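Residue-level structural notes
Listed below, chain by chain, are the residues.
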Amino acid sequence: MVGKVMEYPFDTIKVRLQTQPLDRPHYAGPWDCFRTLLRQEGLRGIFTYELIPSIFQGMSSPLVGSMIENAALFVGYRQVQRMIRNYSTSPEELERQKDMPEDELPSLGMSQLVLAGAASGAIASLVLTPVELVKCKLQVQIGTHSVTNGVRFTGPFHVVRHILATYGPSGFYRGYIATLLRETGGGAFWFGAYEYCCLQFIKAHRLSTGEDITKKDLSPLQLMAGGAIGGMAYNASLFPVDVIKSQMQTDEQLLSGHKVSSQRTFIQTARAIYEGGGYKAFYRGCGITVARSAPTSAIIFLTYELLSRHFS
């Protein structure tokens, strides 16, 4: 939750930059977007949609969703590791490890950890797609008179009702393929980069002191450094897919006045983005996204590791 509160204003700016028209962009860059949001919609409160500033629009949806998402990510990551260990370890070794604390079990190889990260990302995408759909629809409402097919959303539940009435339950999975690709690849990079950094810290300690340590012996600063690098790797790795996802999930606003059937597929959206702005159009908002992911992921991994040590 702390990580989501920190990153949310930057996420709103990212979505606005990703979804602005290619031929007539509203903003010159992240700073111009931030100033425009403050000038147009101001700072009128915090957290509830009717009172929040524009940079916090739609926050209640991802705030709840982030708790579910991170739970799915880390539980899935740990469970997939257990499955890999059970599959790749001999019955005799499994019997010997049966009563060992989890943090004392032999570490998996890097490729196995990357696989576990990818699988956990795929699991999380099932939860994340509806959450991001609601969030994006609220974030792209520009100004005080913006409407979507005659509707101006007043909050997350209004978006939910609109999607159910217009598209049915399947409407919540608009952009699922893009989210699945982003989260599967991103999960591999997120956990993989984090585990690789932790491994390097362990190796460096062993070389300098001759002592063998494990990840549970790393300092909070080292855990945060690994988390920050993991977060940047996650966002930089598949950012073009995230741009496609944001446009697909806001087609109703971007293609205002078109029929529902005119909503674009993944390939159609990617082609339209490329034709409108070339490869650079796939990286709008990338810098601010990578930058804000560092402190957010640092906090997330530090919290996870410290809680794991406390409850182990």
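Quantities reported herein were computed from a predicted structural model and do not represent experimental measurements.

On to the packing of helix 9 (residues 239–249) against helix 11 (residues 266–277), then. Close contact between helix 9 and helix 11 brings their axes to 10 Å; oriented N to C, the two are set at 105 degrees. In terms of orientation, helix 9 lies roughly perpendicular with respect to helix 11. Contact with helix 9, carried on its side by Val 241, Val 243, Ile 244, Gln 247 and Met 248, involves Phe 266, Thr 269, Ala 270 and Ile 273 of helix 11 and no other residues of that element. Its residues placed into classes, the contact of helix 9 with helix 11 shows 7 nonpolar, 2 polar and no charged.

Quick look at the confidence of the model for the protein chain now. Of all residues in the protein chain, 80% have pLDDT values of 70 or greater, and the mean over the chain is 81. Every residue in residues 44–58 scores below 50 in pLDDT, and together they form 48 contacts with partners more than four places removed in sequence or on other chains.

Our focus in this paragraph is the nonpolar core. In terms of nonpolar packing, the biggest core is built from 23 residues, with Phe 74, Trp 190, Phe 191, Leu 218, Leu 223 and Phe 301 touching the most fellow members. Counting residues per element, this core draws most heavily on helix 3 (residues 60–88), which supplies 6 residues. The residues touching Leu 223, leaving out its near neighbours within four places in the chain, are Tyr 194, Cys 198, Lys 215, Leu 218, Phe 301, Leu 302, Glu 305 and Arg 309. Phe 239, Ala 270, Ile 273 and Val 290 belong to the second largest nonpolar core, which has 10 residues in total.

Parameters at a glance
- Residues numbered from 1 in each chain as written.
- Predicted model: local features only at pLDDT ≥ 70, side-chain atom pairs only at ≥ 80, totals over all residues.
- Heavy atoms only, no water.
- Axes fitted to C-alpha atoms, helices over the stretch in contact; angles between N-to-C directions.
- Helix = DSSP H or I, 4+ residues; strand = E, 2+ residues; numbered from the N terminus.
- Parallel < 35°, antiparallel > 145°, perpendicular 65-115°, else oblique.
- Contact = heavy atoms within 4.5 Å.
- Nonpolar A, V, L, I, M, F, W, Y, C, P; charged D, E, K, R; others polar.
- pLDDT = per-residue confidence, 0-100.
- Core = buried A, V, L, I, M, F, W, Y, C linked by side-chain atoms within 4.5 Å.
- Buried < 20%, exposed > 50% of the residue type's maximum accessible area, 1.4 Å probe, protein only.

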